Amino acid sequence: MKKRNVETSGGIGFTGLLTIAFIVLKLTGIITWSWWWVLSPLWVSWLLALIVLVVICILEL
């Protein structure tokens, strides 16, 4: 009988938890930020990833 190594990765991560926390705080009225700022952990992380990708592409030329 062979042993199989099962690796799992993933999960919600820091930005996901931060986004959920901001949404809960917004919906309960604790913070009165606009939805742009409540959802900012999502778009900021995408923006940073895009910037890193552009820098890598520029350095490869």
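In what follows, the accompanying structure is described.

Some points on the overall build of the chain
Now for step 1: In terms of regular secondary structure, the chain is built from three helices and zero strands.
Now for step 2: A compact globule built from 61 residues would reach a C-alpha radius of gyration of about 10 Å, whereas the chain, at 18 Å, exceeds it by more than 25%.
Now for step 3: Counting only C-alpha atoms and orienting by the principal axes, one finds that the chain spans roughly 55 × 45 × 10 Å.
Now for step 4: In the chain, buried positions account for 13% of the 61 residues.
Now for step 5: For the chain, the accessible surface area stands at approximately 5,800 Å², while carbon and sulfur atoms represent 72% of it.

Notes on the environment of Leu 39
Now for step 1: By the secondary structure assignment, Leu 39 is in the loop between helix H2 (35-38) and helix H3 (40-60).
Now for step 2: Taking relative accessible area as the criterion, Leu 39 reaches 32% and is therefore assigned partly exposed.
Now for step 3: Leu 39 has contacts with Thr 19 and Ile 23, leaving out every residue within four places of it along the chain.

Rules used in this analysis
- Residues numbered from 1 in each chain as written.
- Predicted model: local features only at pLDDT ≥ 70, side-chain atom pairs only at ≥ 80, totals over all residues.
- Heavy atoms only, no water.
- Helix = DSSP H or I, 4+ residues; strand = E, 2+ residues; numbered from the N terminus.
- Rg over C-alpha atoms; globule rule 2.2 N^0.38 Å.
- Buried < 20%, exposed > 50% of the residue type's maximum accessible area, 1.4 Å probe, protein only.
- Areas by Shrake-Rupley, 256 points an atom, 1.4 Å probe, with all protein chains shown as cover.
- Contact = heavy atoms within 4.5 Å.

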